[in-house]
Every structure is written in C-alpha cells, then in structure tokens.
Amino acid sequence: ANAVMNLVGPDSLPDFWNRHALDSAQLLEHAPDARTWADLGAGAGLPGVVLAVFMKPRGGHVHLIDSLQKRCRFLQSVVDALDLPATVVWSRAEAQAVKVDVV
C-alpha cells in the first residue's frame, strides 16, 4: 500500500521497525492505564494501528480519524484484516466529540 499511497517516506522504510512500529508502541508506556485513544490525522495508522494491535489482547479502543477518504479506506482494510479494536472515522478532527483518555 505504501508504494501506491505514499504512507511513509521511502527513506524511513529500511528502518521501519524502529522509526515507526517501536516509536508508536512506546506511547503505551507513557499512558499504561489509558484504554481509549484517538489518532488524529491517522494517515498511515501510525501510531493508532500499532496501538490497537498491542491493545487487542488487553482491552481498549483506538479512534482513527482522518479527513481523506482514501486513507480511511486503507485504515479500514487494516482494521478489518487484523480484527482490531479500532473505529475508522472519515472526518475532520475538530468535528469529532469522542471521549478519549489520550489523543
């Protein structure tokens, strides 16, 4: 999907695990009791999808909010394929009124 949608910069792909996956996952250490998160401008799903992956076995939910429909279609396909505890919202962030622990 990255080749078609340019989700992350090509220079960061060789170190994807450190630059994106681990960088996203470390957020859980900063708010270990948070169960509801919002990723505003979710784009490629970083950090939101990574957080949802780690939260799946322990409970929680991530709202993936983006204003571009094509990104939301991509995010929904990932959420569906991995059966993640996440909701994809096609909207501008300022138009949302979801209650979350962490943005």
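1. Re the sheet that holds strand S2 (residues 61-66)
Sheet architecture is open: 3 strands sit in the order S1-S2-S3, paired in parallel fashion. The open sheet has two free edges, formed respectively by strand S1 (36-40) and strand S3 (86-90), since each of these has just one partner strand. Neighbour-to-neighbour, the strand axes of the sheet open up by a mean angle of 15°, direction not taken into account. Both S2 and S3 contribute to a ladder of 5 bridges, which runs parallel. Each bridged residue has a counterpart across the sheet, and for Leu64 the counterpart in S3 is Val88. Along the sheet, helix H4 (residues 48-55) contacts S1, S2 and S3; its crossing angle with S2, the most-contacted strand, is approximately 165°. Along the sheet face, helix H5 (residues 69-82) touches S2 and S3 and points at about 165° away from the line of S3.

2. Concerning the nonpolar core
Ranked by size, the top nonpolar core spans 20 residues in total, and within it Trp37, Val62, Leu64, Leu75, Leu84 and Ala86 carry the most contacts. Among the secondary structure elements, those contributing two or more residues to this core are H4, S2, H5 and S3. Tallying contributions element by element places H5 first for this core, with 5 residues. Leave out the neighbours within four places in its chain, and Leu75 touches Ala42, Gly43, Ala44, Gly45, Val49, Leu64 and Val88.

3. Topic: unusual backbone geometry
Residue Pro47 is reached from Leu46 by a cis peptide bond, and omega for that bond is 10°. Its identity is not glycine, yet Asp83 carries a phi of approximately 50°, on the positive side. Here Asp83 lies in the loop between H5 and S3. Judged by relative accessible area, which is 56%, Asp83 ranks as exposed.

4. Things to note about the pairing of S2
The element S2 is largely enclosed, with a buried count of 5 among its 6 residues. The pairing of S1 with S2 spans 5 bridges and is parallel. Bridging from a neighbouring strand, Trp37 pairs with Val62 of S2.

Thresholds, definitions, all that
- Residues numbered from 1 in each chain as written.
- Predicted model: local features only at pLDDT ≥ 70, side-chain atom pairs only at ≥ 80, totals over all residues.
- Heavy atoms only, no water.
- Pairing = 2+ DSSP bridges.
- Helix = DSSP H or I, 4+ residues; strand = E, 2+ residues; numbered from the N terminus.
- Axes fitted to C-alpha atoms, helices over the stretch in contact; angles between N-to-C directions.
- Contact = heavy atoms within 4.5 Å.
- Core = buried A, V, L, I, M, F, W, Y, C linked by side-chain atoms within 4.5 Å.
- Buried < 20%, exposed > 50% of the residue type's maximum accessible area, 1.4 Å probe, protein only.

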